[in-house]
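Observations on the model geometry
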Amino acid sequence: MKTLRWLLVSAIVGCVAQAALARPGYKTVLDAEVKGAKIEPVVKELKCNFCHVEKEEKKVRNAYGVALIKSGLSEERFNELKADKEKLAQCVKTVMKKAEAEKTPSGETFGDLIRAGKAPGTPPES
């Protein structure tokens, strides 16, 4: 019984620790960048799923999330900049601008979709 209790506590601590690993700096910058834009309500509705795939692990990204990684928003870069919120914000803005030029699976650019107020992400192909 004691072992079961420790196992349960370990599982809960593991879940809490995993949630703490999220990168809220990205979302904060995204929210600030879209304030007043057509895409703002979409960002508010989708939250993390603007870049990630709903009901999947956070390491699974939609097409826009993949474009952000490809454009330079890597875990390594985040770890380098997380202590300096201004540098992190500037990096995120630069990467978002770069990713806007990338083509979506449908052939439009992510920037075109975002300016039109449409969610740019689609689930990744299997």
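Remember, it's a predicted structure, so these values are computed and weren't measured experimentally.

Cut-offs used in this document
Residues numbered from 1 in each chain as written. Predicted model: local features only at pLDDT ≥ 70, side-chain atom pairs only at ≥ 80, totals over all residues. Heavy atoms only, no water. Core = buried A, V, L, I, M, F, W, Y, C linked by side-chain atoms within 4.5 Å. Buried < 20%, exposed > 50% of the residue type's maximum accessible area, 1.4 Å probe, protein only. Helix = DSSP H or I, 4+ residues; strand = E, 2+ residues; numbered from the N terminus. Contact = heavy atoms within 4.5 Å. Polar contact = N/O pair within 3.5 Å; in protein donor to acceptor, adjacent residues only side chain to side chain. pLDDT = per-residue confidence, 0-100. Phe/Tyr/Trp six-rings, centres within 6.5 Å; stacked < 30°, edge-to-face > 60°.

Here the focus is the nonpolar core. Counting 25 residues, the largest nonpolar core has I39, F50, Y64, L68 and V92 as its most contacted members. Elements supplying a minimum of two residues to this core: α2 (24-34), α3 (40-46), α4 (63-70), α5 (75-81), α6 (85-100) and α7 (110-115). Here the element with the most residues in this core is α6; it accounts for 7 residues.

Time to look at α4. When α4 is considered as a whole, its buried residues turn out to be A63, Y64, G65, A67 and L68. For α4, the elements touching its buried residues are α6 and α7. Where α4 begins, the side chain of N62 points an oxygen toward the backbone nitrogen of Y64, at a separation of 3.0 Å. A positive backbone phi angle near 125 degrees is found at G72, which sits one or two residues after α4.

With that out of the way, let us pick up the confidence of the model for the protein. Considering every residue of the protein, the mean pLDDT works out to 84; 80% of them sit at 70 or more. The secondary-structure element of the protein with the lowest mean pLDDT is helix α1 (residues 2-20), recorded at 45, while α7 shows the highest, at 96. Segment residues 6-11: pLDDT under 50, and 0 contacts once partners within four positions in sequence are set aside and those in other chains are kept. Across residues 13-21, confidence stays below pLDDT 50; counting only partners more than four residues off in sequence or on other chains, it has 0 contacts.

This part is about the side chain of E40. In this structure, E40 sits in helix α3. At 2.9 Å, the side chain of E40 forms a polar contact with the backbone nitrogen of G36. Sequence-distant contacts of E40, that is, excluding residues within four places in its chain, are made with V34 and K35.

Our focus in this paragraph is the packing of aromatic side chains. Tallied over the full model, the rule gives 3 aromatic pairs. Pairing Y26 with F78 gives two aromatic rings, centres 5.4 Å apart and planes at 80 degrees, and the pair type is edge-to-face. Residue Y26 is located in helix α2, and its partner F78 is located in helix α5; the two are separated by 52 residues in the primary sequence. Of the two residues, Y26 and F78, both sit in the buried class. Between F50 and Y64, the aromatic rings sit 5.5 Å apart at their centres with planes inclined by 75 degrees, giving edge-to-face as the arrangement. Of this pair, F50 sits in the loop between α3 and α4 while Y64 sits in helix α4, and the two are 14 residues apart along the sequence.

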